[in-house]
Amino acid sequence: MNGRGIEDPTPSSSPLEWKFSQVFGERTAGEEVQEVDIISAIEFDKTGDHLATGDRGGRVVLFERTDTRDHGYQRDPDYPISRHPEFRYRTEFQSHEPEFDYLKSLEIEEKINKIRWCQTANGALFLLSTNDKTIKFWKVQEKKVKKICDLNVDPSQVVGNGSIAGSSISTSAKGYLPNGGCSERPYSCLGNDVLFPLGGIPSLHLPVVVVSQETNLVSRCRRVYAHAHDYHINSISNNSDGETFISADDLRINLWNLEISNQSFNIVDVKPTNMEDLTEVITSAEFHPTHCNMLAYSSSKGSIRLIDLRQSALCDTHTKLFEEHETPGSRSFFTEIIASISDIKFGRDGRYILSRDYMTLKLWDVNMDAGPVATFQVHEYLRPKLPDLYENDSIFDKFECCLSGDGLQVATGSYSNLFRVFGCNAGSNEATTLEASKNPMRRQVQTPSRPSRTLSSLTRAVRRGAESQGLDSNGNAYDFTTKLLHLAWHPTENSLACAAANSLYMYHA
């Protein structure tokens, strides 16, 4: 992220104009969505040439970019291309299966919680996927197809069950010879599935296995990292050293080596001696993108802690604490619930951290822990409806967030399959509302955003994008049963991938 983006008072560029690119798994009108098909995780790799999604059925689906490979040109970062990124379905595999913990009498869902790409090697793709309890390390590689040639029996005369191609099977009585031959067929039968000509085969030879030029993507589970978490895993994150990663549950963060699956190190433990004293839980954790010794984790109280692994083996103390202090008199029954952070993301250079709580997006400068440098209202119109959202448990929905590769925009999801894109630059009034459909501007809400202002005090923040209505521009009520929880921004281009139920929508600007 450009560190000057927040402080530079010069006007920013005009808001991005988003257009529909592709959709995978589009539903037809009235089609019922199967629970196992709902997308639960989405992630681009570092190059942006591969995209992975995970679903509640424990499957991982891989997509591959085609507009660079198939057309044989390289992207020039200084020259804007007219083509938008195009992807195609590549392969899928079953990552997790449903399990049952007999000691705790607990069902373990196969749902994929998170996917993270690892460094590629020798043309193979590597990724981590996790459900509530078990993390798996997958290798996906193209392998040439092997075929069997020089068979003794002409393949054109034999079909799958050994019968003669083109022949019909009759139920009429036939005469059978003592050695299994059939008097009414020109072929003799040895057993029930191998047929030979009556005259025999002149010479027998061993079949030959030939490697063809055709290739298939083969996925193989290299390692399984299990039995290290008593609570549900909510995050996994790769380290920039390419050798280690972390996994986080409600009370602990563990450090793993990719090569060692039977041992991990507990680096954060917030579990109190007496569980009645528990006041907050870990909700998300992520490694710094460039400093292998730094990581951040968020809590259900709305705070973010930055820790340095060089300080001690067990990081009980934090290096920095980021939290926004309550406005006096604003506390209510829902204050702590909506303050819980559901997701955090570092900017590309690690200067900024983006966090998402139930109502807002907040942008934090790691060098300034007095408060967020910017706050974006995602769906302020829901505030009067918090009691209803609490009753139907929607208030506990966990929305993800993402930053653009250049750090100039941030995005997150909302209800009615809507997602919002905000500009981060000082002077930017960008606060776009789009719908995950083939016409993303169909429910565009024109919201008057108060002019943003540069920081005059470390404790003051920019608030933009507030909406004052519960209806869209067409007068339609918002649907709280359809929610856009998962989305990802392409690392080098203005392209977004959004998951709406079982459909994957892609947009470009």
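In what follows, the structure referred to is the one given above.
Residues numbered from 1 in each chain as written. Predicted model: local features only at pLDDT ≥ 70, side-chain atom pairs only at ≥ 80, totals over all residues. Heavy atoms only, no water.

> Provide a residue-level description of a nonpolar patch on the surface, including the pertinent values.
Where nonpolar side chains cluster on the molecular surface, the patch consists of Ile 148, Leu 151 and Val 209 and spans about 290 Å² of accessible area. Residue class for Leu 151 comes out partly exposed when judged on its relative accessible area of 40%. (Patch = residues over 30% accessible without salt bridge, like charges linked within 9 Å, V, L, I, M, F, W, Y side chains within 5 Å. Areas by Shrake-Rupley, 256 points an atom, 1.4 Å probe, with all protein chains shown as cover. Salt bridge = Lys/Arg side-chain N within 4 Å of Asp/Glu carboxyl O. Buried < 20%, exposed > 50% of the residue type's maximum accessible area, 1.4 Å probe, protein only.)

> Quick one: what's the story with the pattern of salt bridges, residue by residue and with numbers?
For the coordinates displayed, the defined rule picks out 26 salt bridges. The partner of Arg 90 in a salt bridge is Glu 64, and the shortest N-O contact between them spans 3.2 Å. With Arg 90 in strand E5 (residues 87-94) and Glu 64 in strand E4 (residues 59-65), the pair connects residues that are 26 residues apart, well separated along the chain. Overall, the relative accessible area of 5% leaves Glu 64 in the buried class. Put simply, Glu 336 and Arg 331 hold a salt bridge, and the shortest N to O gap is 2.9 Å. When its relative accessible area of 48% is taken as the criterion, Arg 331 is described as partly exposed. Residues joined in a network through salt bridges with shared partners are Glu 64, Arg 88, Arg 90 and Glu 142. (Helix = DSSP H or I, 4+ residues; strand = E, 2+ residues; numbered from the N terminus.)

> Can you explain the sheet that holds strand E14 (residues 235-238)? Please cite residues and give values.
If you trace the four strands from one edge of the open sheet to the other, you get E14-E15-E16-E17, paired in antiparallel fashion. The open sheet has two edge strands with one neighbour each: E14 and strand E17 (260-269). Between one strand axis and the next, the sheet turns through 25° on average, direction left out of account. One ladder, built from six bridges, connects strand E16 (residues 252-257) with E17; its direction is antiparallel. If you follow Asn 257 over to E17, its bridge partner there is Ile 260. (Pairing = 2+ DSSP bridges. Axes fitted to C-alpha atoms, helices over the stretch in contact; angles between N-to-C directions.)

> Can you explain the side chain of Asp 365? Please cite residues and give values.
Note that Asp 365 resides in strand E24 (residues 360-365). Judged by its relative accessible area of 4%, Asp 365 is buried. Within the structure, the side chain of Asp 365 is placed 2.9 Å from the backbone nitrogen of Asn 367, a separation counted as a polar contact. Not counting the four nearest positions on each side in its chain, Asp 365 is found in contact with Phe 322, Arg 351, Tyr 352 and Val 373. (Polar contact = N/O pair within 3.5 Å; in protein donor to acceptor, adjacent residues only side chain to side chain. Contact = heavy atoms within 4.5 Å.)

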